[in-house]
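# Survey of secondary and tertiary structure
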Amino acid sequence: MKCPNCNKEGNALKRIFSKRKGLPNRYCVYCNSEVKVSYNWGKISLLTAGIFVVLIIINYILQTMGWPGITGGFAGGLAGAIIAVYMRKPPFMKVELVKPSRKKRRN
């Protein structure tokens with residue numbers, strides 16, 4: 001994710017937008033500007049379906065080779081981790097600037 005006001009970026013583990021109690025929008029940690037985060041759930045559902053089809057194919061290939069295959073816990077954890085990382089990328093999420101911050105902060 002990237003802030004449209006200060007152009008700071010977070011990584012896969014650090015969120016730069018925090019939600020405040022009782023308010024509908026999120027705020028940038030660095031510049032305190034108000035942003036609206038919207039997810040494209042249609043693309044996320046296609047990503048989920050694609051990941052599950054690939055896991056089923058991998059499981060079938062492993063079983064035809066004589067190996068035990070993928071357990072349900074491992075497949076679910078792998079799918080959840082991939083979806084959690086990819087759903088925060090730009091094709092699946094849109095960040096709109098609602099109100100820019102007027103203050104200058106040093107970070």
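Just so you know, these numbers come straight off a predicted model, no measurement behind them.

### With respect to the overall build of the protein
What the protein contains, in helices and strands, is two helices and four strands. For 107 residues, the compact-globule estimate of 2.2 N^0.38 gives 13 Å, and the protein exceeds it by more than 25% at 19 Å. Judged by the C-alpha coordinates and their principal axes, the protein covers about 65 × 25 × 25 Å. By the burial criterion, 23% of the 107 residues in the protein qualify as buried. Sequence-distant contacts in the protein: of pairs separated by 6 or more residues, those separated by 24 or more amount to 56%. Accessible area for the protein stands at about 7,800 Å²; split by element, carbon and sulfur atoms hold 60% of it.

### Description of the state of the cysteines
If you walk through the whole model with that rule in mind, you get zero disulfides. Lacking any disulfide linkage, C6 is separated from the closest cysteine sulfur, that of C3, by 3.6 Å. Considering cysteine sulfurs only, C28 is the nearest to C31, which forms no disulfide, with 3.7 Å between them. Look at C31 and you get buried, because its relative accessible area is 10%.

### Some words on the layout of surface pockets
The calculated volume of the largest pocket comes to roughly 220 Å³. In this structure, the largest pocket is lined by 13 residues; those nearest its centre are M1, R88, K89, P90 and M93. Of all elements in the fold, only α2 (72–86) and β4 (93–99) reach the threshold of two or more residues within the lining of the largest pocket. In terms of residue class, the lining of the largest pocket is made up of seven nonpolar, two polar and four charged.

### Description of empty space enclosed by the protein
This model, assessed by the stated rule, comprises one cavity of 30 Å³ or more. Partitioning the lining of the largest cavity into residue classes produces four nonpolar, no polar and three charged.

### So, the sheet that holds β4
Taken together, four strands build an open sheet; the order of strands is β1-β2-β3-β4 and the sheet is antiparallel. Two strands in the sheet have a free side with no partner beyond their single neighbour: β1 (17–19) and β4. Averaged over all pairs of adjacent strands, the angle between strand axes in this sheet comes to 40°, irrespective of strand direction. Note: strand β3 (residues 34–39) against β4, six bridges, orientation antiparallel. Bridged to V35 within β4 is L97.

### Regarding α2
Between its first and last C-alpha atoms α2 spans 21 Å; for 15 residues at 1.5 Å apiece the expected length is 21 Å, and the two agree. By the burial criterion, the buried members of α2 are A75, A79 and I83. The arc that holds the buried residues of α2, viewed along the axis, is 55°, so those residues lie on one side. When the buried face of α2 is taken as reference, the exposed residues oriented beyond 90 degrees from it are G73 and F74.

Calculation rules
- Residue positions within a chain follow its written sequence, with the count starting from 1.
- This being a predicted model, a pLDDT of at least 70 is required before a residue's local features are given, and a value of 80 or more before pairs of side-chain atoms are given or counted; all residues contribute to the totals for chains, interfaces and linings.
- Here the side-chain values reflect all heavy atoms present in the structure, with hydrogen atoms and water set aside.
- Helix and strand assignments follow DSSP, with helices taken as H or I runs no shorter than four residues and strands as E runs no shorter than two, numbered in order from the N terminus.
- A radius of gyration in this sense is built from C-alpha atoms; the matching globule rule multiplies 2.2 Å by the number of residues raised to 0.38.
- Think of it in three bands: with a 1.4 Å probe and only protein chains considered, a residue is buried below 20% of the maximum accessible area for its type, exposed above 50%, and partly exposed in between.
- Pairs of residues are marked as contacts when any of their non-hydrogen atoms sit within 4.5 Å.
- Accessible areas in this description were obtained via Shrake-Rupley with a 1.4 Å probe; residue shielding takes into account the shown protein chains only.
- Counting rule for disulfides: a pair of cysteine sulfur atoms within 2.5 Å.
- Here a cavity denotes a set of grid points, spaced 1 Å apart and computed over the protein atoms alone, in which a 1.4 Å probe fits but from which it cannot get out, and a pocket denotes an open set meeting protein on both sides within 12 Å along at least five of seven lines; residues with an atom within 4 Å of a point are reported as lining.
- Grid points are joined across faces, edges and corners, and a volume is the space filled by probe spheres set on the points.
- Polarity classes work like this: nonpolar for Ala, Val, Leu, Ile, Met, Phe, Trp, Tyr, Cys and Pro, charged for Asp, Glu, Lys and Arg, and polar for all others, with Gly in that last group.
- In this analysis, strands are considered paired if DSSP registers two or more bridges between them.
- Each axis is a line fitted through C-alpha atoms, taken for helices only over the stretch in contact, and angles between the N-to-C directions span 0 to 180 degrees.
- The span one expects for a helix is its residue count, reduced by one, times 1.5 Å.
- What the arc describes is the spread of directions from the helix axis to the C-beta atoms.

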